[in-house]
Amino acid sequence: MFDQLSGKMSGVLEGLSKNGKLSEADVTEAMREVRLAMLEADVALPVVRDFVNKVRERSVGQEVLESVSPGQAVAKIVNDALIDALGGAGAVPLNLSANPPVPVLMVGLQGSGKTTTSGKIALRLSGRESKKVLLASLDVQRPAAQLQLQQLAERVNAKTGRVQALPIIAGQSPVQIAKRALETGRLEGYDVVILDTAGRLSIDEALMDEVREIRTLTKPAETLLVVDAMTGQDAVNTAKAFNEAVGITGVVMSRMDGDARGGAALSMKAITGAPIKLTGSGENLEALEEFHPERVAGRILGLGDVAGLVERAAETLDHEEGERVAKKMLAGKFDLDDYVSQINQINRMGSISGILGMMPGMGKIKDMLGDKELDTSIFKRHKAIISSMTKQERKTPEIIKASRKKRIAAGSGTTVPEINRLLKQFNDMSTMMKRISKMGLGGLMRGMGGAGGLADLMKGMGGPGGKPGGRPPFV
């Protein structure tokens, strides 16, 4: 979501680096560009003013203007100022330091993702921290809201075995449900009780009165406001209104994987005083991350987020399965079932664009893509084709001849040419794997020389020199 801001900020800093010695006029011109970039990214005007003034004051000092690499010195100052604007170094964890059951109150407008976020937090607490979690829906306004949370609880419980939903009793008020949830939490030994309140299409006094009443009754350790990052400055205005009316201890920003301009995240802490604690991206229950200001600043400046990428891989990838497939690949025994396994591993990591954004130096490649999106639909078609094959066909694709291709095409809703392309790619991959097994990885790298690697990936998935829906490599 920070792509636009990242591209412009990186461009400004690169320009400063090329200038050698800096003058105060160079810094002033650079800050003008930064100001425009931040305003275009929908950052609140007071935040932009404070940011630009802070950077200018630090950058025109004698030690910067006369340093050996003033461009790098300014980049460090900009990075530090971004971290400050985003909330300071280090993630702010959830506060669960209270006698169990610890109440966590979820508030926000309708459609912001409160209920899904409640399920994500339940998964995070029950999985990572082995907490026993009770989910309770206090939403008696929206049809089937309580049933939705109940279904989420069942999905989470299937993964961790430590999450349950409060049984639904028709006709109870939100306050009665909240009181029953805390009593159930105490009697049945729950560590955390997550209270999912109702939302409205807009802020109104009835909503605030209801939240205030529930907050007074439950005395939550955390009052988390869920806001939709796609709404830009409206998200900041919503947070400010909730904070002034009921008080919030933290913010969860949902839909961080969207194409919003990022201004809400940069403005949130300064305008509301409440830190962003968590961010959500997508509907998957695992798609919830701690908010690290220094990592987000790194992404904005094109420095990537290697630590975040490693954490995501550690949390989402099946390492035993990865090692099994890797051994088969190196032994030259890679089959179509293994290919499907690798597709599933990629999907668990999230979008390709999101992964690229966490890698240092990927900003230029994303600029090369322009308005094009990486077309990953080819993976879904490949999975459909392979799922229509017999077990023997997946293990030994060479037996797939004309009649089998027609049957597979009919079963997968694809065409024979698509199957031919898949099989050709698989043959190419098998040949390469056999070469690897003979020459070793060192020999492979020497043999590849300047083969392009990542550039070939871009071409195959809609990047420069290629076309959307083209040929992706096997991973």
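Residues numbered from 1 in each chain as written. Predicted model: local features only at pLDDT ≥ 70, side-chain atom pairs only at ≥ 80, totals over all residues. Heavy atoms only, no water.

Caption draft 1: Up close: the overall build of the protein. Looking only at helices and strands, one finds 22 helices and 8 strands in the protein. Considering the protein as a whole, with its 475 residues, one finds that 48% of them fall into the buried category. Residue pairs in contact within the protein that sit at least 24 positions apart in sequence constitute 74% of those at least 6 positions apart. Entry remark: accessible area of the protein is about 22400 Å², with carbon and sulfur atoms responsible for 52%. (Helix = DSSP H or I, 4+ residues; strand = E, 2+ residues; numbered from the N terminus. Buried < 20%, exposed > 50% of the residue type's maximum accessible area, 1.4 Å probe, protein only. Contact = heavy atoms within 4.5 Å. Areas by Shrake-Rupley, 256 points an atom, 1.4 Å probe, with all protein chains shown as cover.)

Caption draft 2: Here's a closer look at the side chain of aspartate 228. Tracing the chain through its elements places aspartate 228 in strand β5 (residues 222-228). What makes aspartate 228 buried here is its relative accessible area of 9%. Reaching out from aspartate 228, the side chain makes a polar contact with the side chain of arginine 255 at a distance of 2.8 Å. (Polar contact = N/O pair within 3.5 Å; in protein donor to acceptor, adjacent residues only side chain to side chain.)

Caption draft 3: The arrangement of the side chain of threonine 223 in detail. Relative to the helices and strands, threonine 223 is located in strand β5. Look at threonine 223 and you get buried, because its relative accessible area is 0%. Reaching out from threonine 223, the side chain makes a polar contact with the side chain of arginine 215 at a distance of 3.1 Å. Those residues in contact with threonine 223, other than ones at most four positions away along the chain, are Leu105, Val107, Arg215, Gly247, Ile248, Thr249 and Gly250.

Caption draft 4: Region of the structure containing the confidence of the model for the protein. Looking at the protein, pLDDT values average 77 and 71% of them are 70 or higher. Taken as a whole, residues 441-475 scores under 50 in pLDDT and shows 57 contacts with residues more than four places along the chain or in a different chain. (pLDDT = per-residue confidence, 0-100.)

Caption draft 5: Representation of the pattern of salt bridges. By the definition in use, this model includes 18 salt bridges. With its nearest N and O atoms 3.3 Å apart, the salt bridge here joins glutamate 29 to arginine 32. Of the two residues, glutamate 29 and arginine 32 both sit in helix α2 (residues 24-40), 3 residues apart, roughly one turn of that helix. In this structure glutamate 29 comes out as partly exposed when scored by relative accessible area, which is 40%. Two residues, aspartate 84 and arginine 58, come together in a salt bridge whose shortest N-O distance is 4.0 Å. Taken together, the residues span a long stretch of sequence, with aspartate 84 in helix α5 (residues 70-86) and arginine 58 in helix α3 (residues 45-59) at a distance of 26 residues. According to the relative accessible area criterion, aspartate 84 is partly exposed, its value standing at 38%. (Salt bridge = Lys/Arg side-chain N within 4 Å of Asp/Glu carboxyl O.)

Caption draft 6: Region of interest: the sheet that holds strand β4 (residues 192-196). With mixed pairing, 8 strands are arranged side by side in an open sheet as β3-β2-β4-β1-β5-β6-β7-β8. Of all strands in the sheet, those bounded by a partner on one side alone are β3 (163-165) and β8 (288-290). Ignoring strand direction, the axes of neighbouring strands in this sheet form an average angle of 25°. Strand direction decides the pairing type here: strand β1 (residues 102-107) and β5, joined by 4 bridges, are parallel. What sits directly across from valine 104, in β5, is glutamate 222. Contacting β1, β2 (133-137), β3, β4, β5, β6 (250-254), β7 (276-280) and β8, helix α6 (residues 114-128) crosses the sheet at an angle of about 170° to β4. (Pairing = 2+ DSSP bridges. Axes fitted to C-alpha atoms, helices over the stretch in contact; angles between N-to-C directions.)

Caption draft 7: Representation of the nonpolar core. Counting residues in hydrophobic clusters, the biggest one holds 67 residues, and the most contacted among them are Met9, Phe51, Val78, Leu82, Phe242, Met253 and Met268. Take this core: its biggest share by element is 8 residues, from α5. Aside from chain neighbours lying at most four places away, what touches phenylalanine 51 is Met9, Val34, Met38, Val78, Ala81 and Leu82. Membership of the second largest hydrophobic core comes to 25 residues, among which are Val102, Ala122, Val133 and Ala165. (Core = buried A, V, L, I, M, F, W, Y, C linked by side-chain atoms within 4.5 Å.)

Caption draft 8: Focus on helix α20 (residues 402-412). Every buried residue of α20 is accounted for by Lys405, Ile408, Ala409 and Ser412. Down the axis of α20, the buried set is contained in an arc of 100°. They therefore lie on one face. Every exposed residue of α20 that faces more than 90 degrees away from the buried side is listed here: Ser403, Lys406, Ala410 and Gly411. Glycine 413, located one to two residues past α20, shows a positive phi value of around 70°. (Arc of directions from axis to C-beta.)

Caption draft 9: Spatial organisation of the pairing of β5. Counting buried positions along β5 gives 7 out of 7 residues, so the element sits mostly inside the fold. In β5, alternate side chains face the same way, and those of Glu222, Leu224, Val226 and Asp228 on one face and Thr223, Leu225 and Val227 on the other are all buried. Bridge count between β5 and β6: 5 bridges; the pairing is parallel. Paired with leucine 225 across the two strands is valine 251, which belongs to β6. For the crossover from β5 across helix α10 (residues 233-245) to β6, the handedness is right-handed. (Right-handed = clockwise from strand over helix to strand, strands pointing away.)

Caption draft 10: Representation of the environment of glutamine 146 in the model. As for its placement among the helices and strands, glutamine 146 is situated in helix α7 (residues 145-160). Distance in space between the C-alpha atoms of glutamine 146 and alanine 165 is 9.1 Å, their sequence separation being 19 residues. Residues contacting glutamine 146, with those up to four places away along its chain left out, are Ser137, Asp139, Val140, Ile168 and Ile177.

Caption draft 11: Focus on the pairing of β7. Within β7, 5 of the 5 residues are buried, leaving the element largely enclosed by the surrounding structure. Pairing analysis gives 3 bridges linking β6 to β7, with the strands arranged parallel. Residue pairing across strands places methionine 253 opposite threonine 279, the latter belonging to β7. Sheet analysis places β7 next to β8, joined by 3 bridges and oriented antiparallel. Its bridge partner lying in β8, threonine 279 is registered against glutamate 289.

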